[in-house]
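Residues per chain are reported as follows:
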Amino acid sequence: MGGGATKLYSTLTQAFSGSSSPLSIPPSYLSPHQPALTNLDSDFCLQKDSPIYPLDSVELLQQCEEALRDQPPRLHRNFVYINDGDGVASSPIRVMQWNILAQALGVGADNFVRCPLEALSWSRRKNLILEEILAYRPHILCLQEVDHYYDTFQPVLANLGYSSHFCPKPWSPCLDVEGNSGPDGCALFFDESRFELLDSASIRLSAMMIPTNQVAVVTTLRCRSTGKYVCVAATHLKARSGWEWLRSAQGSDLLWHLQNLVQELVGGDSNVQVPLLICGDFNAVPSEEVYRRFATSPLGLDSAYKKLSQDGASEPEYTTWKIRGTGECCSTLDYIWYTKGTLRVDAVLDMPDEEQIGPNRLPSYSYPSDHLSLVCDFSFREKE
């Protein structure tokens, strides 16, 4: 264990030696300084005394496009349709996974040296982010590094029919940035016309029984058209080289919680399988131990984006491509895991090539984050 890792472990041990549960998150973090209604984004939420009158989806998309009219177009990507021999899905479930880049980090510590400061402005980025979401209209949306949940994403997407759950990091680095909008964290949205909420929980991930600074949102839904359950998790594991051991421990903790949840749902019946979707920025390349833990989990997981490869066994070359002051980074760090026994991948959104991304990489005028969104269409497998 390296010096930095040892120091963190020592600090965590001292700070949380009295913690009664690795699941516990202080109440102040579960409801972090929710802004008053007057702090809602005035570009998208029109306030006429009370209540609030947000824009509808058509007006919102038109407004985003108008705001971006004089800028380069967003990255063009196509869906690749998968034929697993089970026929065509009549009503697929669209899932989007995306680290949207916290605004406070984008203009601060992340140090994107080749990205113009204007391209990092929130007035521009919020339109690009919403345009990307509206372009694909996922039924389930998992986001990381969300630091504008209460003033922008929750009210805007609620008006489009999404319910949501947000879990901030306990010690968000965004809070160290002057003029920040609060802590960043994970947010999970779902289309209420497609799913009914059964349960949702915030999990503070642990390593060796010590709570860490990384979190997950786990939501159990019932599909309104089929009546089937689906359990969805959104997470963001520890970043940076040298913390592989911590990511592995955090991933193991999340898998443990999901295994317990599945056992509760099936009531001990080993013949019943619960569909799982685990979306996140794992900050881990496929050769890392945490990736292997998910790939070999008894939950029967597979990574959806392997479907883009010719052999169906390889991840994309990259899901993030950026240039910081420390150098260029082109890596696969983001994944959508699914239970291959209960869910089928019907389509996968392809990755833009190097020419589309451009020499200055991401983020850029064309794309608001250093991570690319992952979008997949799934369907429930029929019992044999």
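Cut-off values and rules
Residues numbered from 1 in each chain as written. Predicted model: local features only at pLDDT ≥ 70, side-chain atom pairs only at ≥ 80, totals over all residues. Heavy atoms only, no water. UniProt positions renumbered as here; feature names shortened; annotations may be inferred. Helix = DSSP H or I, 4+ residues; strand = E, 2+ residues; numbered from the N terminus. Buried < 20%, exposed > 50% of the residue type's maximum accessible area, 1.4 Å probe, protein only. Contact = heavy atoms within 4.5 Å. Areas by Shrake-Rupley, 256 points an atom, 1.4 Å probe, with all protein chains shown as cover. Pairing = 2+ DSSP bridges. Axes fitted to C-alpha atoms, helices over the stretch in contact; angles between N-to-C directions. Core = buried A, V, L, I, M, F, W, Y, C linked by side-chain atoms within 4.5 Å. Expected span 1.5 Å × (residues − 1). 1 Å grid on protein atoms, 1.4 Å probe; cavity = no way out; pocket = protein on both sides within 12 Å on 5 of 7 lines; lining within 4 Å. Points joined across faces, edges and corners; volume = space filled by probe spheres on them. Nonpolar A, V, L, I, M, F, W, Y, C, P; charged D, E, K, R; others polar. Phe/Tyr/Trp six-rings, centres within 6.5 Å; stacked < 30°, edge-to-face > 60°. Lys NZ or Arg CZ within 6 Å of the ring centre and 35° of its normal. Polar contact = N/O pair within 3.5 Å; in protein donor to acceptor, adjacent residues only side chain to side chain.

If you check an unreviewed UniProt entry, the protein chain appears there as Nocturnin from Ameca splendens. The annotation that UniProt attaches to the protein chain under Sequence similarities (unreviewed entry) is "Belongs to the CCR4/nocturin family."

A.B. asks: What is the right way to read the overall build of the protein chain from this model?
C.D. replies: When helices and strands are counted, the protein chain shows nine helices and 17 strands. Scored against the burial criterion, the 384 residues of the protein chain give a buried share of 54%. Pairs at least 24 apart in sequence give 77% of the contacts found in the protein chain among residues at least 6 apart. By element, 49% of the accessible surface of the protein chain is carried by carbon and sulfur atoms, the whole surface being about 17,000 Å².

A.B. asks: What should I look at first to understand the sheet that holds strand S7 (residues 185-191) in this one?
C.D. replies: Backbone hydrogen bonds are what pair the strands of a sheet, in a parallel or an antiparallel way. Pairing is mixed in the open sheet, where seven strands are placed in the order S3-S16-S17-S4-S5-S7-S6. The open sheet terminates on both sides in strands that have one partner only, identified here as strand S3 (79-81) and strand S6 (162-168). Neighbour to neighbour, the strand axes of the sheet diverge by 20° on average, direction disregarded. Pairing of S3 with strand S16 (residues 343-349), which is carried by three bridges, proceeds in the antiparallel orientation. Bridging across to S16, valine 80 finds its partner in valine 348. Its contacts with the sheet put helix H5 (residues 122-136) on S3, strand S4 (93-99), strand S5 (140-146), S16 and strand S17 (374-380), and the angle it makes with S4 is roughly 160°.

A.B. asks: Help me out: how do you make sense of the nonpolar core in this one?
C.D. replies: For soluble globular proteins, the rule of thumb is that nonpolar side chains tend to be buried together. If you look at the biggest cluster of nonpolar residues, it comprises 69 residues, and the most contacted ones within it are Ile140, Phe189, Leu277, Ile336 and Phe378. With six residues, the top contributor of residues to this core is H5. Apart from the residues lying within four places of it in its own chain, the contact partners of isoleucine 336 are Val95, Gln97, Leu277, Ile278, Cys279, Asp302, Ser303, Ala304, Leu374, Cys376 and Phe378. Within the second largest apolar cluster, 25 residues are counted, among which are Cys231, Leu258, Val266 and Leu301.

A.B. asks: I keep staring at H5 and nothing clicks. Help me out?
C.D. replies: Note that an α-helix has 3.6 residues per turn; residues three or four places apart therefore point the same way. Between its first and last C-alpha atoms H5 spans 21 Å; for 15 residues at 1.5 Å apiece the expected length is 21 Å, and the two agree. Counted residue by residue, H5 has 13 buried out of 15 residues, so it is predominantly covered. Remark: arginine 137 follows H5 within two positions and exhibits a positive phi of approximately 40°.

A.B. asks: It is not clear to me how unusual backbone geometry should be interpreted in this structure. Could you clarify?
C.D. replies: With the exception of glycine, most residues fall at negative phi, and the peptide bonds are largely trans. The linkage connecting leucine 362 with the following residue, proline 363, adopts the cis geometry, with an omega of -5°. Note on placement: proline 363 falls in the loop between helix H9 (354-357) and S17. Although it is not a glycine, asparagine 111 sits at a positive phi angle of roughly 55°. Note on placement: asparagine 111 falls in the loop between helix H4 (103-106) and H5. A positive phi angle, near 55°, is found at glutamate 145, a position not held by glycine. Inspection of the secondary structure puts glutamate 145 in strand S5. For glutamate 145, a relative accessible area of 10% corresponds to the buried category.

A.B. asks: What exactly am I supposed to notice about the layout of surface pockets here?
C.D. replies: To locate leftover empty space, one rolls a probe as large as a water molecule over the atoms. Space inside the largest pocket adds up to approximately 790 Å³. Lining the largest pocket are 37 residues, with Lys238, Ala239, Arg240, Asn283 and Arg324 sitting closest to its centre. Sorting the residues of the lining of the largest pocket by element identifies helix H1 (3-16), strand S9 (210-223), helix H7 (244-266), strand S13 (320-324) and strand S14 (327-331) as the ones contributing at least two each. In terms of residue class, the lining of the largest pocket is made up of 13 nonpolar, eleven polar and 13 charged.

A.B. asks: Where do I start with the environment of asparagine 39 in this structure?
C.D. replies: Here asparagine 39 lies in the loop between helix H2 (27-30) and strand S1 (45-47). Residue class for asparagine 39 comes out partly exposed when judged on its relative accessible area of 45%. Along the chain, asparagine 39 and aspartate 151 lie 112 residues apart, while their C-alpha atoms are 6.1 Å from each other.

A.B. asks: For this particular structure, what's the right way to read the packing of aromatic side chains?
C.D. replies: To describe a pair of aromatic rings, you give the distance between the ring centres and the angle between the ring planes. Using the criterion set out here, one finds 17 aromatic pairs in the structure. Centre to centre, the rings of tyrosine 149 and phenylalanine 166 are 4.7 Å apart; their planes meet at 10°, and the pair counts as stacked. With tyrosine 149 in helix H6 (residues 149-159) and phenylalanine 166 in strand S6, the pair connects residues that are 17 residues apart, well separated along the chain. By the burial criterion, tyrosine 149 is buried, and phenylalanine 166 matches it. Centre to centre, the rings of tyrosine 335 and tryptophan 337 are 6.0 Å apart; their planes meet at 40°, and the pair counts as tilted. Above the ring of tryptophan 171, the side-chain terminus of arginine 204 is found at 5.4 Å from the ring centroid.

A.B. asks: Would you mind going over the sheet that holds strand S15 (residues 334-339) with me for this structure?
C.D. replies: One open sheet holds the six strands; their spatial order is S8-S9-S10-S11-S15-S12, and the pairing between them is mixed. The open sheet terminates on both sides in strands that have one partner only, identified here as strand S8 (195-207) and strand S12 (301-303). Ignoring which end each strand starts from, the neighbouring axes of this sheet average 20° apart. The strands touched by H7 within the sheet are S8, S9, strand S10 (229-236), strand S11 (276-281) and S12, with S8 carrying the most contacts at an inclination of about 145°.

A.B. asks: Quick question: what am I supposed to make of the side chain of threonine 219 here?
C.D. replies: Within the fold, threonine 219 resides in strand S9. Of note is the side chain of threonine 219, whose polar atom sits 2.9 Å from the side chain of serine 200. What threonine 219 contacts, discounting residues up to four positions off in sequence, is Leu188, Leu197, Asp199, Ser200, Val230, Cys231 and Val232.

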